[in-house]
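Given next are the chains, with one letter for each unit.
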Amino acid sequence: MSKPKDLLIKPLRISPIAQIGAAVVVAMPLVGAGAPALADSGLWNTTRILGYDGNECAGQVSGCRTVASGPVAIAANGAGSITVDCPSLFPRLVGWDTEQNEFLEADLVSPDPDQVAGFGKRDVKPVDSLTVLVTSNADAVGIIQVYIGCARRATNGTPLMSERIGVPSNHVGFTGGEQ
Amino acid sequence: MLRVSALLGAVMSLTGLAATSAWANPCSKTGYGTVPNCQPQAQAGISYSGWETKGWAYYCSGDHPYYWRPFNEWNNNCFSVAENKLDEGDNLHKFSATITN
């Protein structure tokens, strides 16, 4: 899926582990990222990218704006957290998506807007930022970019992603033989 | 690009609505019976790139805000869906699932 045209790039808050890598790779496109010499790391293909699917605004009928973190590097076998804030004009978090290496696992650790409000309504206390914890499962540096959807008004019943990780490429088609 | 959509059985009051013909009715499930005063609530479709796993949280809303476990249906042909009852916990409105294509 192509990137949203009204994409906003905002300064993000990242943990020290991830911040070191971000300074190095911030201008690197994600497609093709990863060292060819490390293409295989056990079960994981370290060059396969899980594409951006545009799910951050799923279910929001109108007025949803996408905010991107910019590429962030996660150390080999390391972890880091990424926080992205909604702009003040679009203060309500709708959802999120990523573009990332298959061996990275991204888990939502900040509050779910629906759960905070209760009863599927998001008009009690707006949640205006999102934090994900990213873990690398391979001996390779991984790159992830987080996209969040932000809106002025809430829409009930929008789905919220809680995690994203690739199916290990080197396991796909595995029939029991030597890998 | 692959897409999957969910339809939840939500209950509270009034009369239930019939599910659209393209779906099985999430308010009745083989082996579980039929939920009274149940309203099917279609959730937004979500996209997948391929060979990946995502976790999702859905919420019943409106005047039928309670999700009646395990009454859900899916419009897809290449996904596996596992409900996460521990993640739903004591939240009466939430349906949580891990979905892999």
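Please refer to the structure higher up on the page.
Residues numbered from 1 in each chain as written. Chains lettered and ligands numbered in written order. Predicted model: local features only at pLDDT ≥ 70, side-chain atom pairs only at ≥ 80, totals over all residues.

Some remarks on the overall build of chain B
Looking only at helices and strands, one finds 1 helix and 9 strands in chain B. Along chain B, helices (α) and strands (β) appear in the sequence β-β-β-β-β-β-β-β-α-β when read from the amino end. Across chain B, contacts joining residues at least 24 apart in sequence account for 66% of those joining residues at least 6 apart. (Helix = DSSP H or I, 4+ residues; strand = E, 2+ residues; numbered from the N terminus. Contact = placed C-beta atoms within 7 Å.)

Looking at the interface of chain A and chain B
In this complex, chain A contributes 28 residues to the contact, which on the side of chain B involves 25 residues. Of all the secondary-structure elements, those providing two or more residues to the side of chain A that touches chain B are helix H2 (113-117) and strand E13 (160-166) of chain A. The element best represented in the side of chain A that touches chain B is E13 of chain A, accounting for 7 residues. Inspection of the sheet shows E13 of chain A paired to strand E6 (residues 52-59) of chain B by 6 bridges, in the antiparallel sense. What sits directly across from Arg 164 of chain A, in E6 of chain B, is Lys 54 of chain B. (Pairing = 2+ DSSP bridges.)

Focus: the environment of Asp 97 of chain A
All names here are of chain A. By the secondary structure assignment, Asp 97 is in strand E9 (residues 92-101). For Asp 97 and Tyr 52, which are 45 residues apart along the polypeptide, the C-alpha to C-alpha distance reads 6.8 Å. In this view, Asp 97 contacts Tyr 52, Asp 53, Gly 54, Asn 55, Glu 56 and Tyr 147; residues no more than four positions away in its chain are not counted.

Quick look at the pairing of strand E12 (residues 142-151) of chain A
Two faces, one strand: in a regular strand the side chains alternate between the faces of the sheet. Residue and element names in this part refer to chain A. By the criterion of burial, E12 is predominantly enclosed, with 9 of the 10 residues buried. Pairing of strand E6 (residues 64-68) with E12 involves 5 bridges; the strand directions are antiparallel. Residue pairing across strands places Cys 64 opposite Ala 151, the latter belonging to E12. In terms of strand pairing, strand E7 (residues 72-74) meets E12 through 3 bridges, oriented antiparallel. When the bridges of E12 are listed, Ala 73 appears paired with Ile 143. For E9 and E12, the ladder comprises 8 bridges, and the chain directions are antiparallel. (Buried ≥ 20, exposed ≤ 12 C-beta atoms within 10 Å, placed from the backbone.)

Points about unusual backbone geometry
Residues and elements named next belong to chain B. A cis geometry characterises the amide bond from Arg 69 onward to Pro 70, with omega recorded as -5°. Looking at the element boundaries, Pro 70 is found in strand E7 (residues 66-75). Of note in this structure, Asn 37 is not a glycine but carries a positive phi near 50°. Structurally, Asn 37 is set in the loop between strand E3 (33-34) and strand E4 (38-42). Judged by local crowding, Asn 37 falls into the partly exposed class, with 15 C-beta atoms found within 10 Å. Non-glycine residue Trp 51 carries a positive phi angle of around 50°.

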